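Coordinates in review
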Amino acid sequence: MRSFRHVRATTVAEACALLAEPGTRARANAGGSDLLGALKDGIYPEPPDLLVDLKTIPGLDAIEADEAGLRVGALARLADIARSEPIRAHWPIFSQAAQAVASPQIRNVATLGGNLCQEVRCWYFRYPAGLGGSIDCLRKGGPRCPAVKGDTRYHAIFEGRGCFAVCPSDTAVALAALDAIVVLEGPGGARRELPVQDVYTPLGTVLEPGELVTAVRVPPPAEEARSAFLKFTVREPIDFAVVSVAASITLRDGVCTDARLVLGAVGPRPYRALEAEARLIGGPIDERAAVEAAEVALAGAKPLRGNAYKVPLARSIVMRAILAALEG
Amino acid sequence: MAAGYRHIGKATERADARDIVTGRTRYLSDLEVPRMLYGRVLRSPHAHARILSIDTSAARALPGVEAVLTHADAPDWRVGTPRVVRVLDSTVRFAGDSVALVAATTEAAAERALELIEVEYEPLPAVLTMDEALAPGAPEIFPEAPGNVVSAGTPWFGPECLTGVRMGDVERGFAEADAVAEGVCGYENIPNPLPAEPPGVIAHWEEPNKATLWVSSQAAYQDKVVLFFAFGRQVDVRTIGGPCGGSFGSKLMSVQLALQATALSRAAGRPVRLVMSKEEHMAAFVLRIGSRIKAKVGMKRDGTVTAVAGDWLVDTGYYSMTTQAQVAVGCGEAQLVVRSPNWDLRSTIVCTNRTASGIVRGFGGQELKCSILPVVSRVMAELDIDPFDFFKKNYVKPGDGYFWRDGQWYTYRGIDYTTAMDAGAAAFGWKDRWRGWLQPSAVHGTVRTGVGVGVHGNVDIGESVSEAWVRLDPHGAAVIYSAASEHGTGQPSNLIKMVAEVLQLPLDRVTMTPADSAITPFEFGPVGSRGTWAMGGASIAAAEDARRKLLERAAPTLGRDPGDLDTCDGLVFPVDSPENAIRWNAVIGREGSVMGEGRFDPDFTLANCMMTFVEVAVDSDTGKVDLRRVVNATDAGTIIDPPGLENQLNGSLGSAGIDSALFEETVYDPATGRVLNANMIDYKWRTFAELPDMKNVVLETPVDSHRFRAIGVGEVATAPGPSAVLMAVSNALGMWMDEYPVTPERVLAALGKVPARGRGAGGTAAAATDSDDLAAGADR
């Protein structure tokens, strides 16, 4: 691993200023569970020369819930989110998604901001320098994506463009189903708010140099909303999703009045199956409705040549998530 | 049940347990030798390329760099069977092959120096699969392997080394059969046994020709022997083994690494430590051999096999020391499981531009079984024969014979394992759960349950030579001189138990020397489950020899015949009057010791046996296969150490074992031959949070081995499981599965929910979408 400068920021403004310093390749670091591994593997052709530690910024780990909804600081640890009483009571799929990440040891250091902003798991992007040099793929500014002619078993079936890595965040999927808003702060006090799925682009995120995720806001849950988060992995613990689904369904008098169906690990961002949501609204939710909605959800999938299996797999998980939400 | 023994069969504390769990054990990467440098290897991005030029000037100029080696200045030491792989070569033969070596005063300087080396390559066409390697006109990897076929047989096993099984008349056998099946099945996912500790070595060269190596090996003495030949018989080699953080066969020796570290030490004039990173361990060390067979099997209605014919293709990667040996042992082991008078099994070893192959527990037999048993299953299914009954009928019985690895015919004189198999079947509930071929045991919604069974055994429990000495010290203690380095199984502790039992000493009065070839006699090492019988036999013989000498020396003092005397707790006494005991120091004197010598010579007339029953649940919607239950059944003769044995059998899951049928596999990029999953996230590896219901049934039927009537079973624990899983999944789904691992994709493809891809396809074959469109970033 190349050596780098390490600065402990004490305010968001200081951190943003450091990250935007001209002439440096700065990276923000919180729990370090993703970044340090990437640096040790040498995956970046131009590795960062400055790490800005965010853990020393006071108050950025708060979890606050009231009538206006939920506000979670970017430094809140996944373990704290998973066991937070208000989150478990009112936004349970957020808690479940946090709990679905990695292992207890990692959840004890990994933060919400880090989970949202972690690098993709594409094994071409992650190829380590020590085995003949890292791969300068399209996502790193290189000429092409080696995955399209390679092994794509874990790659995108929706919305891939140039790069086919999928968003690896579990919390982003649950948050998208909860209509969550991500708060971004940048140099000079700049601040903007975006729906969580709009943070991601096919080649990365919309974050500008010096910009940080500082918090996530979640609106209060609809009174009769029921939800479920399902994550399909090859191995149970310490694994990334092959497909995940967050479903949130509002039922009034047995009729669906609102629905969110968000698929994870199928595209560069949490993928909202809008047509499937529309199909659910206005009718009763039963197995047939769930099967139909799942069909619609995957109708537009465009698998690569190595991941066609993800389509029927995702269809099953969508169907199960809808039915699990009814139980929830 | 070990009745009457003081230590044998008791759950005694392992000699090194406290040091390991309190972090005091010093593994190789904890060792520091004075003036030691740190080595690093620059690795190739290409699967096959010629090196046109290497500029090392910037690396050499970096402060702290003491030596840089390329193919131009590395010594011409060679490894492999045949001996074709150099320390460094002008051609690279897999993505990850060694290109240059650096030794520096710090790890950071060594790593930085690698970045400063400029290499110009001329990429050559690569052969990444056996099909590509065997295609007419395929590019050749070594001139010594024309057509990419590696020479058969290993000098290690003698001039008649087994390369197949040929006996009787298969055509007549097929004609006599009630049913014949033909098929192709492969076990080609080349899993990595992945011991926790990566391979490493510290080498210290002293002019003119002395090399001292600290190794982290399963068989420390073997490094000395193999390196002696690799160095062209010109170097005086001393190897010092220490605690080895797991091996599963793969770290029997780390020869190429040892040669590279020695070359660096010679160039730098200082000791060099060379330890692989985890990525290197996963992609650039050794993997299991790949195996595929086209087989034809004939059988009678009663389960009698009339003929077996087959062409066995073995993918050895770009090189191996031991593939020929694995082929020989695999062919021997096949005859233990399938008893037939007519055989025509042939093997072809193919080299490909992928990572080298090495030793992995199962050693040829697991690979061959996993490939051929699914074909044998087809015939059983046609005749509606229960596979448990088939294995019970066919597994080697006293009086049966087989060709073993040296090409010689041996007659089995061990125990009948039928009783152990029955006990395993009862514990599993086989008769209740077996519903017939391609019949699920139960169906609940989308979840289909299926059962399978496999069996394996090995005659190498009595292979090769072990030597040990036991020294008795006057104060009532004993020291075992043995190169039995600890590699995780507890074998040194078991040898201590055996010697303490012979000498009737408390366990803490028996110790073992370091596995230092300057101290100990020859030891082949704990492989093929030979630790209990072969290594134990040598230590027992040494202890008995020392005891005999002690009693002979005590006889005049006590005025009795040696045969009337016994020893216990450092005392010698007449058996009929123990009150007349004298201390060992009254026999040996204050100055002196008694040394006993022991030796074990190869014996290929006993075999161990492991039967594994599995139950899987397959979700027909998601394709997920869950391993629900495992029952292992064996007979160990006498159990030396119950918890150690239990752990060995529980180890049947991972380390390229049962899980190699479920999710363990090495994934290669089909375009470049690079290993894509050289990390512990993408290389799927079971954690302790996800264990199936597991039960080990171990009988103790005394076997005619050594005085404790025990044999080893550790090595074989992984071997019967993978084919049992494939059988169970086939039964759960009601259709034949014949590829490992049974991923969700393969299950969904079998169910017709996605298009099937070609055999061994890692992302090639049928295209769902045209990739060139995607590369261009077309809006999707």
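Residues numbered from 1 in each chain as written. Chains lettered and ligands numbered in written order. Predicted model: local features only at pLDDT ≥ 70, side-chain atom pairs only at ≥ 80, totals over all residues.

Remarks on the overall build of chain B
Applied cut-off: For the purposes of this entry, the term helix denotes a DSSP run of H or I that reaches at least four residues, the term strand denotes a run of E that reaches at least two, and both are numbered from the N terminus. As a rule, residues whose C-beta atom has 12 or fewer other C-beta atoms within 10 Å are exposed, those with 20 or more are buried, and those in between are partly exposed; C-beta atoms are placed from the backbone.
Check the secondary structure of chain B and you find 20 helices and 33 strands. Dimensions of chain B, computed from C-alpha atoms along their principal axes, come out at roughly 95 × 75 × 50 Å. Across the 780 residues of chain B, 60% fall into the buried class.

Overview of the overall build of chain A
The condition that has to hold: We compute the radius of gyration over the C-alpha atoms and compare it with the globule rule, which gives 2.2 Å times the number of residues raised to the power 0.38. Whether two residues are in contact is decided by their C-beta atoms, placed from the backbone, lying within 7 Å.
From N to C terminus, chain A includes 11 helices and 14 strands. Compactness check: chain A gives a C-alpha radius of gyration of 20 Å against a globular reference of 20 Å for 328 residues, within 12% of the reference. Taken over the C-alpha atoms alone, chain A extends approximately 60 × 50 × 35 Å along its principal axes. Expressed as a percentage of the 328 residues in chain A, the buried residues total 58%. Sequence-distant contacts, at least 24 apart, represent 68% of the contacts inside chain A between residues at least 6 apart.

Re the interface of chain B and chain A
As a reminder of what qualifies: Asp, Glu, Lys and Arg are counted as charged, while Ala, Val, Leu, Ile, Met, Phe, Trp, Tyr, Cys and Pro are counted as nonpolar; the rest, among them Gly, fall into the polar class.
With 48 residues of chain B in contact, the opposing surface of chain A contributes 37 residues. Taken together, the elements giving at least two residues each to the side of chain B that touches chain A come down to helix H8 (278-283), helix H19 (744-750) and helix H20 (771-775) of chain B. Grouping the amino acids of the side of chain B that touches chain A by side-chain chemistry returns 22 nonpolar, 12 polar and 14 charged.

Observations concerning the confidence of the model for chain B
Residues and elements named next belong to chain B. Quick reminder of the rule: As a per-residue measure, pLDDT reflects the predictor's confidence and takes values from 0 up to 100.
On average, residues of chain B carry a pLDDT of 95, and 97% of them reach 70 or more. Overall, residues 760-780 carries pLDDT values under 50, and its contacts beyond four positions in sequence, including any with other chains, amount to 45 contacts. This complex was scored by the predictor with a pTM of 0.96 and an ipTM of 0.97.

Considerations on the pairing of strand S5 (residues 69-73) of chain A
Residues and elements named next belong to chain A. Operational definition: Strands are labelled as partners when DSSP assigns at least two bridges between them.
Bridge count between strand S4 (residues 63-66) and S5: 4 bridges; the pairing is antiparallel. Across the sheet, Ile 63 pairs through a bridge with Val 72, a residue of S5. Where S4 folds back on S5, the antiparallel hairpin that results is connected by 2 residues. Bridge count for S5 against strand S10 (residues 212-218) is 4 bridges, and the pairing is antiparallel. When the sheet's bridge partners are listed, Arg 71 is paired in S10 with Arg 217.

Things to note about unusual backbone geometry
Residue and element names in this part refer to chain B. Cis geometry marks the peptide bond from Glu 207 to Pro 208; its omega dihedral reads 0°. With respect to the helices and strands, the residue Pro 208 is situated in the loop between strand S12 (200-206) and strand S13 (210-215). Put simply, Tyr 740 and Pro 741 share a cis peptide bond, and its omega is -10°. Counting through the fold element by element, Pro 741 comes out in the loop between helix H18 (721-733) and H19.

Here's the deal with the packing of helix H6 (residues 220-230) of chain B against helix H7 (residues 255-268) of chain B
Residues and elements named next belong to chain B. How we decide: Axis definition: a line fitted to C-alpha atoms, over the contacting stretch in the case of helices. Angles run 0 to 180 degrees between N-to-C directions. Crossing handedness follows the turn of the near helix against the far one: under a right angle anticlockwise gives a left-handed crossing, and clockwise gives a right-handed one.
As a packed pair, H6 and H7 sit with axes 10 Å apart at the nearest point and diverge in direction by 65°. In this structure, the crossing between H6 and H7 has a hand that is right-handed. Contacts between H6 and H7 involve Asp 223, Val 226, Leu 227 and Ala 230 on the former and, on the latter, Val 255, Ala 258 and Leu 259.

Description of the sheet that holds strand S25 (residues 510-512) of chain B
All names here are of chain B. The strand order across the open sheet formed by 4 strands is S25-S24-S23-S30, and the pairing between neighbours is mixed. Each edge of the sheet is formed by a strand with only one pairing partner; in this case those strands are S25 and strand S30 (594-600). Each neighbouring strand pair of the sheet contributes to a mean axis angle of 20°, computed without reference to strand direction. Sheet topology places strand S23 (residues 466-473) next to S30; 7 bridges connect them, and they run antiparallel. Along S30, the bridge assignment pairs Val 470 with Gly 596. Contacts between helix H14 (residues 491-503) and the sheet are confined to S23, strand S24 (477-481) and S25, with S25 contributing the most and set at about 140° to the helix. Across the sheet, helix H15 (residues 531-558) is in contact with S23, S24 and S30; its angle to S30 comes to roughly 150°.

Looking at the environment of Leu 345 of chain B
Topologically, Leu 345 of chain B is positioned in strand S18 (residues 343-350). Along the primary structure Leu 345 of chain B and Gly 721 of chain B are separated by 376 residues, whereas in three dimensions their C-alpha atoms are 23 Å apart.

Regarding the domain arrangement of chain B
Residues and elements named next belong to chain B. What counts, and what does not: Boundaries of every domain are those given by an automatic assignment or by a domain database.
Here chain B is partitioned into domain 1 (17-24 + 464-600), domain 2 (31-124 + 196-246 + 251-283) and domain 3 (290-461 + 605-750). The gap between the C-alpha centroids of domain 1 and domain 3 is 38 Å. Contacts between the two partners involve 16 residues from domain 1, matched on the other side by 20 residues from domain 3. Among the elements of the structure, H14 and H15 are those that each provide at least two residues to the side of domain 1 that touches domain 3. Tallying contributions element by element places H15 first for the side of domain 1 that touches domain 3, with 6 residues. Classifying every residue of the side of domain 1 that touches domain 3 by side-chain character gives 4 nonpolar, 10 polar and 2 charged.

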